[in-house]
Every structure is written in C-alpha cells, then in structure tokens.
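# Survey of secondary and tertiary structure
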Amino acid sequence: MASEYDYKKIEKKWQDTWAASSAFKASDDSSKPKTYVLDMFPYPSGEGLHVGHPKGYIATDIYSRHMRMRGHNVLHPMGWDAFGLPAENFALKNKIHPRAAVEQNIANFKEQLAHIGFDYDWSREVNTTDPAFYKWTQWIFLQMFKKGLAYQSNEPINWCPSCMTGLANEDLDGDVCERCGTKVEKKSLPQWVLKITNYADRMLQDLDALQWPEYIKEAQRNWIGKSEGAELEFSISNSQFSIKVFTTRPDTLFGATYMVLAPEHPLVAQLQIENRAEVDSYVVASKAKTEIERGAAKDKTGVELKGIKAINPANKEEIPVFVADYVLWGYGTGAIMAVPAHDERDFEFAKKFNLPVREIELEDSKKIVEKVGGTWTVNYKLKDWVFSRQRYWGEPIPIIHCPKDGAVAVPEDQLPVLLPEVASYEPSGTGESPLATITEWVNTTCPTCGGPAKRETNTMPQWAGSSWYYLRFMDPHNTEALVDTKKEKYWAPVDVYVGGDHAVRHLIYARFWHKFLYDIGAVSTIEPFARLEFLGFILAEDGRKMSKRYGNVIDPTDVVVEHGADVFRLYEMFMGPFENTTAWNPASISGVGRFVERVWRVGTSDVLRTSDVLALDTLLEQTVKKVGDDIESFKFNTAVSQMMILLNAIEKEKMIGKGQWQKFLSILLPFAPHIASELAQVAGIDISAWPAVDTGKLVADTVVMGVQVNGKLRGSIELAPTASEKEAVAAAKNDPKIAKWLTGEPTKVVYVAGKILNLVV
RNA sequence: GCCCAGGUGGCGUAAUUGGUAAACGCGCUACCUUGAGGUGGUAGUGCCGAAAGGCGUGGAGGUUCAAGUCCUCUCCUGGGCACCA
C-alpha cells in the first residue's frame, strides 16, 4: 500500500546518483544534434539566492532535460559573474577581501542550487574573476585595441560621486547611478572607450532575424536610436566659420528662420560675439546642469549670439544664431537649423524669442540636399562604451603607458595581467583607481622601447566578463585560446538564452563583442544568442520586490525543506506564464504539493495494469503532445495543468497500463525529476527517452459539440467528430432542450465537424 | 510626446488561434471523514433570478451564422525611449 512520500530522502538519493554518475556532462565530440541552453549567470551577491533566481534555472533545467531525452547532446552550464561594484561594496562593508567575499558567496549559491536538483554540467563552471578566465577578457580588449576599437578619450563622462567611478550611459537611470541612485556629475577623466558605435548598424539589422521577445528587440532599437538625415552647412557672414547641422528634414530648409548651437559647441567660444559675457555665463550655467535637468525645464532658454548671422544655403537669407541648451552637444553635430513651423521645440523657442514662424511648401529632400551640397548621413543615439572604472575589483586593462610610445599593449604572452593585492582597495575618489597607489606594480618597462613606463590602473566595468562568458563554457579549460575553433563551431550559437533584467546593457554589449570576435575570426556566428526567453520576476507576497531591505525575501532552501524540490520546481512553473511577473503565494504551493502527493500515491499503489487502459489513451497522447510542445515554447504553466488533468483522469479510472504510466512519468521527469525517477525505479520502467506521440490516438471517438440556435448556445450533442451534417442536425432535433428552440426548419445550417453546429431559423 | 506589451471570476490564470468563456490550481460554501483546525474525500462555486431565462472577457460601435479572439474609435495599467533635431 501507499506509503508517505519521503521527499527529503528520495530527493537526496537522486541528487547523489546524478552527481556520482556525471549524468549531465556534455560531450564535445558527439554525433548527436547539439543544444546549448544557457542561463544568465548570476552575480554571487552576499544576500544569496531568493526564490526569483531559480525560476529561469528551473525553466532551462526542464528544457535541457527534455532535449536530452529527445536524443540531443545538451550543454547546460553555470558560472559566476563575480567582478564589479556590488561584490566590492559587500567586501568593504564586511571588511573582507573581495575575493574572499566572492568565494564565500559562490559556495553559498552552489549549496542553495544543489538542493533544487539541477542538471548543470559543473565540470564547465566558470568564474569571471579567475585569472584563467579574465586572461581572455583582457585578450579580447587587446584585439580591440589593435583594431583601433579601444581608444583613449578625455571627453567629460558620467561620474558617480558615491561609487567614485566613471560610468557608461547604459549604467544610468535617467541622470542617476543605476547602482546607488546618486545623481551623476560630468567629469573629464582619461578614459578607455570602446567603439561600439561602429557596430550600431549591424546590431540593428541583425536583430530582425533573432528569435527574441519583440519588446526586447524594440528596447535595443530605441537604445541604438538610428535616424537618417542630411548634414547641411550654413556659412557665417563675414567670417571663415560655418555651422554644420544634422537634420532628418532637409525638405523644411526653406522654413529655417534661425539656428541654435549647443552650449558645448566649440564655435560658441571661437566666434566674435558682441555680447560675449552674457553668452559665457549662459554656457557656464548650462554646463552645470545634467541633460535630464535641461530637459525638465518648463521653458526653453537661450541667448542670441549678437553680431552673428548665418546664411541659409537654400535662399541666402541671413538668420540669427542662438546658443540654447535644448540642443545637445552629444547628438548629431551639436547644432541645428530651427524650423519653428515643423518642430514643436523650435516653435516653442521661436514664440518665446519672437522669431518668425514660416509656413512653407515642402521641397524634395533629395533635390535640396544636392542643391546646397549637403551629405546624407546616419546618426545614432548609441554612444561609445566608456570602459574604464576607477575601482579595484575588476579586470586590469592590459595597457602600458610609455612617455615615448604612448599606450602600448601588454604582450599577449604576458597575459593575464593579474589584479595585484593592495593594502586598501577602497576607491580613492580622486578619479584614480586604488591600483594607482601600488607603485611597484604601476612602474614597469615599456614592451616596445624597454624604457620606464607605467601600467594602466583603471579596471574594466562589470559587464566585461559577461560579454563573452557563453563562449568559454564551450571550452572552459583551454589555455591556448579563448575557445577552440572546432568546439565553437559545434556548440555555437547559444540555442536558448534565459534570463531577465538586462534588456539593453548586457545583451547589447555581448552582441557587440560577439560581432567583433566574428570579424577577427574567433567565432563563426554573427549573433551569440539565437533565441532569448525573458522571464517575469517573482515578487514578494506583499507585491513588492524581494529585498533584504523589506525583510520579505523567501529563501528557496526553506521552500525545498518544507515542500521538497519537485514541489518547488512545479510551483514556480505553475505560477503563471513564464514571462509574467507574479507575487509569491504560499497557499498556492499546496496545490502542486497535492499533485505530487497524489502522483506518489498512484505510483505506489496497485493501479498498474499490464495492458493499457483504453479510456486513458486519447488524453494521454494529447498530454504527451501538449507537454512536449509547451516545453518547446516555454509555456510551462499549461504543461503542468495538462499533467494535472491527466492525473485526475487516472485517479478516476483507478488504474493505468504500465506503458501508459511510463509515458506519464517520462513527461513528468523534466519538471519533477526526483519523484519521477523514484517511481520509475519502483515500477521497474525506463524513462530516459521522450515518448513518441501516437498520433492515431490523438482524436477521440466521440466528442461533445455545442449546438447553437440563431447563434445562441442551446445545448450539446455527443457524436463522432467525423459525423455528417445530416447526422448532427438529426441529433440536435432529437434533443428536447434544443428542439424547443427550433420554431421551424432551419434556413441556414453551419456545421463545423467536431466543433460547432449552428442552426439559423 | 513616441514605441512596445497587456486589460477575462474573490485570486493565479486557460481558451484547440473565429466555434460550448473561465480548463487547471488557489480560496470559499456545505456535507462526510478525521475523537478538537492547518489531513483526506464528495458536491457546489462568473453575475442577476425561486425558476424559465437573461446578462457576461475595460468602454462604445462594427464585420460575421458565430467575436475574449478580426476592424474603427476610446479609456486604463505595466515597460522601453525621451528637448535625439
């Protein structure tokens, strides 16, 4: 008779079995078709995992187990994205070395993951802070440097005064640091910048073919922000200067009644302006504001450059020139021709400064650009990637600064440039990295001339390692190359990539690096992630984000201890659509808890028959098909409910054929691998292969069809799905409930076999 | 302002893609079991109505034998971008 389901004992047993047999090791040399399933690897934070993290991991676990059952050679690895500010801040707060903090946190994460029964191939574990790993992060940087894609700049960048480091545009939330919420400042620092803009067009174009959620693609398109237009030149009267503008509307050129320069525009300083003092004070005031503050201003502001007139190249008209901060230096040419009749902002400004608004007949863009000698061009909102961080816990940038030879690459045979030990790794706040204080490390010799030189002391941003880690899983222990070409050709691309949150940053950086690696022949595909599944977060019961701050964090280990791993896995998949954000609901866990208990009771009672139970055939085959299809399309919630429907039917019949039970346990296995494995062993059946669908049994012998009279449902009839219209109408007339609505012979009959009968009278 | 998703019971949600709306689960109600509560089972559970029946997928129109699904307008929610020329 059925015994209590001892999930603690059984789950431990199977987890040990899988570990001992290296059951999930991926082979690099296989004739089987490959599937590479990847999770966005976690940041091993000090808070540990909460129940939101494993949601994606459960999905990839189900997907990868299912593909393995379908005969694929599956790569499903896990690793750690462990450089960056949070780890460093955690270490500072707890007064330990970041490396020690990372090790401790990783051990904690692994312990938590171990209880859930995942099928990771741990032999391929990677860690971005491992010198054997970041050697190749540095190597990629050097290749970019050699190709001119990594360059030094002194342009003012975003500086977070709290994190004491420069940031990229992608690291901002409006005008505050995405990490700590502090308002960023502009600061001029010597910076390494990566020329991501070179790839803007390809990143945009190649999005189309990707199997990604549309809104993620859209977010990337927005971020890249491509606009096509023309550059036109306006000469300035009585001077050698001219103003170049970018416009998407050259057809409105005749309506240009004034021009505007951004406050940062160099011409503002160069021109002979009569009201110099007024202009200068406006420029100073503008530069003190962030772009967001400028945008938030209710009123347009600006100052006319007295004594300066620009000449409209279309009609040779002289028009005034302003400096105004509604024009951004960072976009286009930092100068505009203002057409108040066709642009709301120009209109607003024109009204305030009493400038003419001229309605015009639009010209042909092509002709006018040609006529005034303009050039067609493309502009992007995307900016080059500010790549230097003035912090300790990151990959050292492998560059040596020589007074004679300038910036020189560290020779590749000297990689990795190890992150040195430092007495104090707190940020200095001066704009220099803590590494700058280690003189014996900083002072070195120039690889080119052998003279005295200094190492670059800035480190890479948190996003460096994650921009290529998926390649390393294909060949994690290679000391000669970041990935072996043959292995890369076999495994690439990532077939399914699963995660959340990084809609723009990580995905755009990784795509950029990947395309670069493609260009230098290091990888064979133009995109890294063929398919992307984005998950919805799990909120706390109170509807807020789970956070230590609110004290509402649920530890997956607690759930596993209380309910078991299989229940936890099933519950997270049953909560709702994978991409939905849903609140944690402990009451609902008991629903899947009952399901698992009932599966156990069925599997350990005497319901198994040697021959199939006919009454279950159709539903079983439908279930096998639906669960398989649903896993493929990441509709795990409906897969679980379908299995529940089947279990309800099995309980109703109080028996099931052994072969049928085998099919049921097989499709349950990816979701609830422990109990499925145990019950298969109990029954002495093999569930290692995904069952084939017996398509002949998919359609039931008889179906219940709705019957409508004049479009309103009046009853139902049961008959074969192949029944003729005549038979169906006869059956309907035979039913007194339906017949009472039939006042005469139907004037029209609509019959869709197996679905509906509609009688119009 | 522009661009993407979405609005279905008390709740999470489902709907064979134009064919019986609410499957599956939670919760709730009643009864049985359980010798005193977080057990298991049976039945019920969209709304109005005693019933017959009527109404019902944010709202208003429309197409159709038939609309949650398609079309037009509109309101609301979430997300992305935003003085980007």
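Located above this text is the structure these notes cover.
Below: a short report on this structure.

Definitions and cut-offs
Every chain is numbered on its own, with residues counted from 1 as its sequence reads. Both sets of labels track the order of writing: A upward for chains, 1 upward for ligands. For this predicted model, a pLDDT threshold of at least 70 governs which residues receive local features, and a threshold of 80 or more governs which side-chain atom pairs are given and counted, while totals over whole chains, interfaces and linings are taken from all residues. With hydrogens and water set aside, each side-chain value is computed from the structure's full complement of heavy atoms. In this text, helices come from DSSP runs of H or I with a minimum length of four residues, and strands from runs of E with a minimum of two, each type numbered from the N-terminal end. Burial status follows relative accessibility: with a 1.4 Å probe on protein chains alone, a residue under 20% of its type maximum counts as buried, one over 50% as exposed, and anything between as partly exposed. Any two cysteine sulfur atoms lying within 2.5 Å of each other are counted as a disulfide. Residues are labelled near a given molecule or strand when at least one of their non-hydrogen atoms is within 4 Å of it. Definition of a polar contact: a pair of N or O atoms within 3.5 Å, with one able to donate and the other able to accept a hydrogen when the atoms are protein atoms, and with sequence-neighbouring residues admitted only if both atoms are side-chain atoms. Residues are grouped as follows: Ala, Val, Leu, Ile, Met, Phe, Trp, Tyr, Cys and Pro are nonpolar; Asp, Glu, Lys and Arg are charged; every other residue, Gly included, is polar. As used here, the arc belongs to the directions running from the helix axis to the C-beta atoms. Residues are treated as being in contact if the distance between any of their heavy atoms lies within 4.5 Å.

Once that is clear, we can look at unusual backbone geometry. The bulk of non-glycine residues show a negative phi, and the bulk of peptide bonds are trans. With an omega of 0°, the peptide bond between leucine 415 and proline 416 qualifies as cis. With respect to the helices and strands, proline 416 occurs in the loop between strand 21 (406-409) and helix 13 (439-442). Residue proline 493 is reached from alanine 492 by a cis peptide bond, and omega for that bond is -5°. Within the fold, proline 493 resides in the loop between helix 15 (485-491) and strand 24 (496-499). Residue methionine 164 is not a glycine yet carries a positive backbone phi of 55°. Along the chain, the position of methionine 164 falls in the loop between strand 6 (156-160) and strand 7 (165-167). A residue is classified by how much of its surface remains accessible, and methionine 164, at 26% relative accessible area, is partly exposed. The backbone of asparagine 354 shows a phi angle near 55°, a positive value even though the residue is not glycine. The residue asparagine 354 is located in the loop between helix 11 (344-352) and helix 12 (365-371) in this model. Asparagine 354 gets classed as exposed once you look at its relative accessible area, which sits at 72%.

This part takes up the state of the cysteines. Here a disulfide denotes one covalent bond, and it connects the sulfur atoms of two cysteines. Counting across every chain of the model gives zero disulfides. Among the cysteines around cysteine 402, which has no disulfide bond, cysteine 449 carries the closest sulfur, lying 3.6 Å off. Accessibility expressed as a relative area gives 33% for cysteine 449, which makes it partly exposed.

So, on to the protein's contact with RNA strand B. RNA strand B sits among 52 residues. The nearest are Lys300, Arg345, Met575, Arg594 and Val704. By atom count, sugar and phosphate contribute 63% of the portion of RNA strand B lying within 4 Å of the protein. At 3.5 Å, a side-chain N or O of serine 227 approaches a phosphate oxygen of RNA strand B. Between RNA strand B and the protein, one listed contact pairs a base oxygen with a side-chain N or O atom of asparagine 758 at 2.7 Å. Here the surface near RNA strand B gets six residues from one element, more than from any other, and that element is helix 21 (residues 636-653). Among the residues forming the surface near RNA strand B, the class breakdown is 23 nonpolar, 16 polar and 13 charged.

The α-helix winds at 3.6 residues per turn, so residues separated by three or four positions along the chain end up facing the same way. Regarding helix 24 (residues 725-734), the residues found buried are Ala728, Val729 and Ala732. Each buried residue of helix 24 sits inside an arc of 95° when the element is viewed along its axis, so together they form one side. Turned more than 90 degrees from where helix 24 packs its buried face, Lys726 and Asn734 sit exposed. Each element contacted by the buried residues of helix 24 is listed here: strand 30 (703-709), strand 31 (712-719), helix 25 (736-739), strand 32 (748-752) and strand 33 (756-760).

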